[in-house]
Amino acid sequence: MDAISFQLEHHKDNYMKTIMVKLICTIVTVFLITPNYGKERTGQRDPWLGWHRPVDANAFVTTKGNNHDSVLFVDHELEYPYHLIISHTPQFAHLWRTKKFSWTSDDWELVSDQYKIGKHYEYDDGVKVDGTYYIYEEGKVYTFSGPLEKASGKWKMAGTFPNKQCDDIGVYYEDGLFHIFGEHGHFPHGPDGTSLAHFTSKTGLGDWEMVNPKAVDPNPNGGNTYGVGDATIAKIQGIYYVFCDRESKGNPYKVTAWRSDSLSEPFQFLGLAITPRSNEVDDWDNYRIQDADIAFIPELKRFVMTCNMMDKDGNPGGNFSGSGLKGSATRVIGVFYSDKKLRGIGK
């Protein structure tokens with residue numbers, strides 16, 4: 001090979017190597033910047049995926065029949081900072097209160113087991129803003145200003161929300177705006193949405209504006225493999241977290257975690273946060289866990305979630321007659337603690 005031919009071949013090889021390096025760099029860059037909204041976040045495990053039962057049998061109460069869909073209010077300006085509304089039947093809910101948080105009803109006072117809000121089997125979520133309580137269910141917004149202990153039978157149906165587009169919601173209030181995240185789209189295998197839609201309102205009572213029909217999207221490639229619903233929202237160390245139910249055909253509810261740097265941006269899937277003990281037979285949560293409600297508890301330096309736990313095998317069972325449950329099924333509220341502790345109030 002003469003010198004000229006050698007130089008040409010040498011330049012050709014260098015040119016091809018340069019092209020390959022640029023191509024690899026382009027592929028890596030695209031991979032790194034492509035949104036990962038519906039896929040599990042990789043890398044370091046997010047600390048708010050870690051939750052545990054404070055005791056093995058973590059049911060709040062097991063002697064009050066069908067208990068589900070709890071709403072936890074925390075207000076440290078009150079004599080009783082903690083109030084827990086537990087859905088029961090369309091006629092009545094249960095109201096509990098305590099001065100010091102505990103996972104068990106033994107340390108709470110039952111204010112009323114005939115607590116009247118509306119005529120609903122369950123209540124989605126609630127929030128307290130400027131002395132007024134707001135509770136959301138089935139497209140209706142109920143309000144009451146004053147102590148919860150005096151509200152039974154006095155709640156006013158004061159507004160609405162678009163439950164045909166955003167149902168089984170979680171509500172969050174910040175900077176003068178009410179945010180709701182709820183079921184959107186048709187999931188053929190259960191009472192869920194194929195995504196969580198995000199709406200906002202200045203009053204919390206109406207004039208809702210759609211922000212994103214797929215703020216939480218478990219089916220980023222389309223279809224309806226997963227159903228989601230029953231969100232609860234928290235801002236933790238500047239990051240927004242949504243915890244919500246997720247199920248698929250043949251796979252009962254589990255609580256999943258999602259995060260975003262902004263309420264106006266889509267949430268990224270982190271993974272499973274709380275799961276039933278499906279391989280065991282003697283617990284209250286052997287079948288499914290759902291309907292989480294989150295709050296920060298200063299004396300514990302932790303977040304807690306109250307969840308609806310369902311079992312179907314009748315072990316440990318109990319008196320659930322007249323509850324509307326079928327066979328040996330039971331439903332109780334279970335309390336879960338975050339693994340991670342915080343010094344402040346979590347904001």
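Keep in mind the model is a prediction, meaning the values are calculated, not measured.

Novice: In this structure, what is going on with the overall build of the protein chain? I would like to understand it.
Specialist: Assigned secondary structure in the protein chain consists of 1 helix and 20 strands. Here the protein chain holds 347 residues, and 51% of them are scored as buried. The long-range share in the protein chain, meaning contacts at least 24 apart out of those at least 6 apart in sequence, stands at 53%. Put simply, the protein chain shows about 17,000 Å² of open surface, and 50% of that area lies on carbon and sulfur atoms.

Novice: Explain the pattern of salt bridges to me, please; I cannot follow it from the model alone.
Specialist: Proximity of charged atoms lets side chains of opposite charge pair with each other. Inspection of every chain in the model, using the stated rule, returns 11 salt bridges. The partner of Glu109 in a salt bridge is Arg97, and the shortest N-O contact between them spans 3.0 Å. Residue Glu109 is found in strand β5 (residues 109-115), and its partner Arg97 is found in strand β4 (residues 93-98); the two are separated by 12 residues along the sequence. Using a relative accessible area of 34% as the deciding quantity, one classes Glu109 as partly exposed. Counted as one network, the salt bridges with shared partners bring together Arg53, Asp56, Arg277, Asp283 and Asp285.

Novice: Is there a simple way to think about the pairing of strand β8 (residues 140-145) in this case?
Specialist: Residues in a regular strand point their side chains to alternate faces of the sheet. One ladder, built from 6 bridges, connects strand β7 (residues 132-137) with β8; its direction is antiparallel. The partner of Tyr134 across the bridge, within β8, is Thr143. Here 4 bridges tie β8 to strand β9 (residues 156-160), and the two strands are oriented antiparallel to one another. Counted as the bridge partner of Lys140 is Thr160 from β9.

Novice: What's the story with the confidence of the model for the protein chain in this structure? I'm lost.
Specialist: Residues shown with low pLDDT carry predicted positions that ought not to be read at fine detail. Averaged over all residues, the pLDDT of the protein chain is 89; the fraction at 70 or higher stands at 86%. Scored below 50 in pLDDT, residues 23-37 shows 9 contacts in the model against residues more than four places distant or in partner chains.

Novice: Teacher, can you tell me more about unusual backbone geometry here?
Specialist: Across the chain, the bulk of peptide bonds are trans and the bulk of non-glycine residues have phi less than zero. Cis geometry marks the peptide bond from Asn315 to Pro316; its omega dihedral reads 15°. If you check the backbone angles, Asp130 has positive phi at about 50° while not being a glycine. Along the chain, Asp130 falls in the loop between β6 (125-129) and β7. A relative accessible area of 75% places Asp130 in the exposed class. Despite not being glycine, Asp175 has its phi angle at roughly 50°, a positive value. Within the secondary structure, Asp175 sits in the loop between β10 (167-174) and β11 (177-184).

Conventions used here
Along every chain, residues carry numbers that run from 1 in the direction the sequence is written. The predicted nature of this model means local features are confined to residues of pLDDT at least 70 and side-chain atom pairs, given and counted, to a pLDDT of 80 or more, with totals for whole chains, interfaces and linings taken over all residues. Where side-chain values are given, they derive from all heavy atoms of the structure, hydrogens and water being excluded. Under the scheme used here, helices are H or I runs from DSSP no shorter than 4 residues and strands are E runs no shorter than 2 residues, and both carry numbers assigned from the N terminus. Classification of residues uses two cut-offs on accessible area relative to the type maximum, computed with a 1.4 Å probe and protein chains only: under 20% is buried, over 50% is exposed, and between them is partly exposed. It only takes one pair of heavy atoms within 4.5 Å for two residues to be counted as in contact. All accessible areas in this document rest on Shrake-Rupley with a 1.4 Å probe, and a residue is counted as covered only by the protein chains that are shown. A side-chain nitrogen of Lys or Arg and a carboxyl oxygen of Asp or Glu constitute a salt bridge if their distance falls within 4 Å. Here, strands pair whenever DSSP counts at least two bridges between them. pLDDT runs from 0 to 100 and stands for how confident the predictor is about each residue.

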